[in-house]
Amino acid sequence: MSLALDLFTLAAIGAGAFFFFAGTVGLLRFPDSLTRLHALTKADNLGLGLVVLGLLPRSGSLLDALRLIAIWALVQLPGAATAQLIGRALSRRRAAE
Amino acid sequence: MSILQVLDLGLAILVLAVAGWTIAARELFASVVGYVAYGLLLSIVWIRLYAPDVALTEAAIGSGVTGVLLVTSGARLKRAGNVEAAEPSGPSQRFLAAALAVLVAAALATVILLLPEPPPTLAPEAGQQLAATGLANPVTAVLIAYRSFDTMLEKIVLVLAVVGVWSLAPDRVWGGAPAPLGRARPEGPLLFLDQALVPLGILVGIHIFWVGADEPGGAFQGGAILAAMWMIVMISRLTEPPRVGARWLRLALVAGPAVFLAVGLAGPGMGGSFFAYPAGFAKPIILFIEAFMVLSIAATLPMLVAGPPRRSPER
């Protein structure tokens, strides 16, 4: 059982790290701001979500597990809002040009 | 080398690289972004040094609030004229600056290398006396009990900083409100943040202050989170910066240092010495002082960001 949980943790955190890596590569390599923004939001949404998912079986108590989930949810709020704000600023600039 | 050591080495190199990039960046905004990233990396360094209290403060104050301050002052400087196109300094001036920086760095390095082994520490004594304060977090005990006078002076410095910012106001707008933060029309995503994040953030801020007695956290970190929430609401224009002459604002600004000083002065009256808390009653008093400090910090930091008054008080 513990081996299965360890494997689950490894797989989930590995997948999360992959999304962070892919998001970073996208941020550095994508051609324009909107696509870069797209890459970045995947990293903090899915990447962090998978890392948290992988850490859940490792948390000592139910309260700690809920805390981890709350951290993920709290990161989502400003992440989503700033992505929208940057996107709107970009489209305003595009309309002005 | 273990994997943690490799990660630490990588972190140290990253901090130095981001610091170098922040100095070298030609654009003002880019270098502010670099500074914020540098602060966040530093807070990870503090975590690795087993100092979560310092890490929280670095993330909230060093990176968060200072970042907002630098972004807003950068925007103001830009409106006042193109600062980046300013005359580059001459070679002699640059040489002088570099020499001074090398001298300071060399002096710091020498001092650190000359530290006795093991370095002098008061940590065991601080731990032994912890029970007398009723606290479980030694950092809070140092801040509010052992070195309470220093902490009170730090809070007074914050109030002085606000006075310094306000004193830049012309006479005709004295007592008025600072210019509003953010654009005139509220933006949907910011309103969403107001509704979803701000209520939670206020709870988290109070929680961080409350657990600071026993776990990492405290008045400064909790107050900084509350300040950030007020700033979000001001930036989304749901509320405007208050008039600097408003009585409630003045009271909120001085409440922390004033209560702190009053408790300190009450020490001799209760048979102790200056800043001596009565035995067995230390923890409630410490939390009482901290609650007012949270209020003052939550009021001070946004007023520093909002800047000097810009609108005349009559309107």
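Residues numbered from 1 in each chain as written. Chains lettered and ligands numbered in written order. Predicted model: local features only at pLDDT ≥ 70, side-chain atom pairs only at ≥ 80, totals over all residues.

J.: Describe the overall build of chain B, listing the residues and the values that go with them.
T.: Counting secondary structure elements, chain B contains 12 helices and zero strands. Projected onto its principal axes, the C-alpha positions of chain B cover 60 × 60 × 40 Å. Per-residue burial over chain B gives 30% buried out of 315 residues. Taking the intrachain contacts of chain B between residues at least 6 apart in sequence as the baseline, contacts between residues at least 24 apart amount to 75%. (Helix = DSSP H or I, 4+ residues; strand = E, 2+ residues; numbered from the N terminus. Buried ≥ 20, exposed ≤ 12 C-beta atoms within 10 Å, placed from the backbone. Contact = placed C-beta atoms within 7 Å.)

J.: Summarise the overall build of chain A; cite the residues concerned and give the values.
T.: Of the regular secondary structure elements, chain A holds three helices and zero strands. When the elements of chain A are put in sequence order from the N terminus, they spell out α-α-α. For 97 residues, the compact-globule estimate of 2.2 N^0.38 gives 13 Å, and chain A exceeds it by more than 25% at 17 Å. Principal-axis analysis of the C-alpha atoms places the extent of chain A at approximately 60 × 25 × 10 Å. Expressed as a percentage of its 97 residues, the buried residues of chain A come to 10%. The long-range share in chain A, meaning contacts at least 24 apart out of those at least 6 apart in sequence, stands at 62%. (Rg over C-alpha atoms; globule rule 2.2 N^0.38 Å.)

J.: Now, about the packing of helix α1 (residues 3-24) of chain B against helix α2 (residues 28-48) of chain B: what can you tell me, with residues and values included?
T.: Residues and elements named next belong to chain B. At a minimum axis separation of 9 Å, α1 and α2 run at an interaxial angle of 155 degrees. Classified by the angle their axes make, α1 and α2 are roughly antiparallel. α2 is crossed by α1, and the crossing has left-handed handedness. Where α1 abuts α2, its residues Asp-8, Leu-11, Leu-14, Val-15, Val-18, Ala-19, Trp-21 and Thr-22 lie against Ser-31, Gly-34, Tyr-35, Ala-37, Tyr-38, Leu-41, Leu-42, Ile-44, Val-45 and Arg-48. Tallied by class, residues from the contact of α1 with α2 come to 13 nonpolar, three polar and two charged. (Axes fitted to C-alpha atoms, helices over the stretch in contact; angles between N-to-C directions. Parallel < 35°, antiparallel > 145°, perpendicular 65-115°, else oblique. Left-handed = near helix turned anticlockwise from the far one by under 90°. Nonpolar A, V, L, I, M, F, W, Y, C, P; charged D, E, K, R; others polar.)

J.: How would you explain the interface of chain A and chain B if you had to name every residue and give the values?
T.: At the interface, seven residues of chain A touch eight residues of chain B. For the side of chain A that touches chain B, a count of residues per class yields five nonpolar, one polar and one charged.

J.: An account of α2 of chain B is requested, with residue identities and associated values reported.
T.: Residue and element names in this part refer to chain B. Given a rise of 1.5 Å per residue, 21 residues ought to cover 30 Å, and the 30 Å separating the end C-alpha atoms of α2 matches this to within 8%. For α2, the set of buried residues is Val-32, Gly-34, Tyr-35, Tyr-38, Gly-39, Leu-42 and Ser-43. Where α2 terminates, the next one or two residues include Tyr-50, which has phi positive at roughly 60 degrees. (Expected span 1.5 Å × (residues − 1).)

J.: Can you tell me about the packing of helix α11 (residues 247-269) of chain B against helix α12 (residues 282-306) of chain B, naming the residues and giving the values?
T.: All names here are of chain B. It is the contact of α11 with α12, at a shortest axis distance of 8 Å, that shows an interaxial angle of 150 degrees. If you check the angle between α11 and α12, you find them roughly antiparallel. Handedness of the crossing formed by α11 with α12: left-handed. Residues Leu-249, Ala-252, Leu-253, Ala-255, Gly-256, Pro-257, Val-259, Phe-260 and Val-263 of α11 touch α12, and the partners they reach there are Ile-285, Ile-289, Phe-292, Met-293, Leu-295, Ser-296, Ile-297, Ala-299 and Thr-300.

J.: Tell me about the environment of Ala-73 of chain A, and please be specific about residues and values.
T.: Residues and elements named next belong to chain A. Inspection of the secondary structure assignment puts Ala-73 in helix α3 (residues 62-96). For Ala-73, a count of 13 C-beta atoms within 10 Å corresponds to the partly exposed category. Along the backbone, Ala-73 and His-38 are 35 residues apart, and their C-alpha atoms lie at a distance of 19 Å.

J.: Before we move on, can you summarise the nonpolar core with the specific residues and values?
T.: Ala-224, Ala-227, Met-231, Ile-289 and Ile-297 of chain B are the most contacted members of the largest nonpolar core, which totals 51 residues. Going through the elements one at a time, α3 (52-80), α7 (138-146), α8 (148-166), α9 (188-211), α10 (219-235), α11 and α12 of chain B are the ones with two or more residues in this core. Aside from chain neighbours lying at most four places away, what touches Ala-224 of chain B is Ala-60, Ile-61, Gly-64, Val-65, Ile-297 and Leu-301 of chain B. Among the nonpolar cores identified, the runner-up in size contains five residues, and Ala-43, Leu-50, Val-51 and Val-52 of chain A belong to it. (Core = buried A, V, L, I, M, F, W, Y, C linked by C-beta atoms within 7 Å.)

J.: Any details on α7 of chain B? Residues and values, ideally.
T.: If you check which residues of α7 of chain B are buried, you get Thr-140, Ala-141, Val-142, Leu-143, Ile-144 and Ala-145 of chain B. Buried residues belonging to α7 of chain B abut α5 (123-128), α6 (130-133), α8 and α12 of chain B.

J.: A description of the environment of Gln-76 of chain A should follow, citing residues and the corresponding values.
T.: Positionally, Gln-76 of chain A belongs in helix α3. When the C-alpha atoms of Gln-76 of chain A and Thr-35 of chain A are compared, they prove to be 19 Å apart, with 41 residues separating the residues in sequence.

J.: Summarise the confidence of the model for chain A; cite the residues concerned and give the values.
T.: For chain A, per-residue confidence averages 88 on the pLDDT scale, and residues scoring 70 or more make up 99% of the total. Mean pLDDT across the elements of chain A ranges from a minimum in α3 of chain A, with 87, to a maximum in helix α1 (residues 2-29) of chain A, with 90. (pLDDT = per-residue confidence, 0-100.)

J.: I'd like a description of unusual backbone geometry, backed by residues and values.
T.: Residues and elements named next belong to chain B. In this model, Glu-117 is joined to Pro-118 through a cis peptide bond whose omega is -5 degrees. Note that Pro-118 resides in the loop between α4 (91-113) and α5. Its identity as a non-glycine residue notwithstanding, Tyr-50 has a phi of 60 degrees, on the positive side. Structurally, the position occupied by Tyr-50 is in the loop between α2 and α3.

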